[in-house]
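Below, each chain spelled out in residue letters.
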Amino acid sequence: MASSDLQTAPFADAVRVSGGKMLLTETVHRAGDSIDLDVDTKDAGDGQLAAVAIGPKGDAVPVEIISNRNRTFTLKLLTSKGGRYLVNVYFNGSHIPNSPFKVRVCNPEAIWAEGPGLMDSYVDDLGDFQVFTRDAGHGTL
């Protein structure tokens, strides 16, 4: 390979992730929020950026790729369900560094409680009720 070829060859390992909510691995995001990732391909050579997310039920979730016109991109994942998402980011068919990205999402609207203890209890009395979180996703109760 000639030295000029080395400068233009596409290398997924040269793609840099510079920021965005998706990098906050300890954060539990709220369903419905846009979760972003900033990607810089300037040092990677010519190539194509692609992304696909896998939702909590194993379904494909679209990832919007916005070109910032300077070989940098903003990826946006819009979640609708609670659970764990895996965001796979590829440059010319190869994973970029740290891909797939793990994103935890909670849907607080999927949490509810019911039972007599919610209506007929007083201070220092025991109340019996159940909290349902089945489709809420990750988070603490």
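Our structure's up above, just so we're on the same page.
Residues numbered from 1 in each chain as written. Predicted model: local features only at pLDDT ≥ 70, side-chain atom pairs only at ≥ 80, totals over all residues. Heavy atoms only, no water.

Colleague: An account of the pairing of strand 6 (residues 63-67) is needed here, citing residue identities and associated values.
Modeller: Sheet topology places strand 6 next to strand 7 (residues 72-78); 5 bridges connect them, and they run antiparallel. Residue pairing for strand 7: Ser67 is matched across the bridge by Phe73. With antiparallel pairing between neighbouring strands as the criterion, strand 6 and strand 7 make up a hairpin whose turn holds 4 residues, including Arg69 at a positive phi of roughly 70°. (Pairing = 2+ DSSP bridges. Helix = DSSP H or I, 4+ residues; strand = E, 2+ residues; numbered from the N terminus.)

Colleague: With reference to specific residues and values, describe unusual backbone geometry.
Modeller: Residue Ser99 is joined to Pro100 through a cis peptide bond whose omega torsion reads 5°. Structurally, the position occupied by Pro100 is in the loop between strand 9 (94-95) and strand 10 (101-106). Residues other than glycine seldom take positive phi values, yet Arg71 does so here, at roughly 65°. Mapped onto the elements, Arg71 comes out in the loop between strand 6 and strand 7. A relative accessible area of 34% places Arg71 in the partly exposed class. Positive phi is not limited to glycine here, since Asn98 has a value of about 70°. Within the secondary structure, Asn98 is located in the loop between strand 9 and strand 10. For Asn98, a relative accessible area of 63% gives the class exposed. (Buried < 20%, exposed > 50% of the residue type's maximum accessible area, 1.4 Å probe, protein only.)

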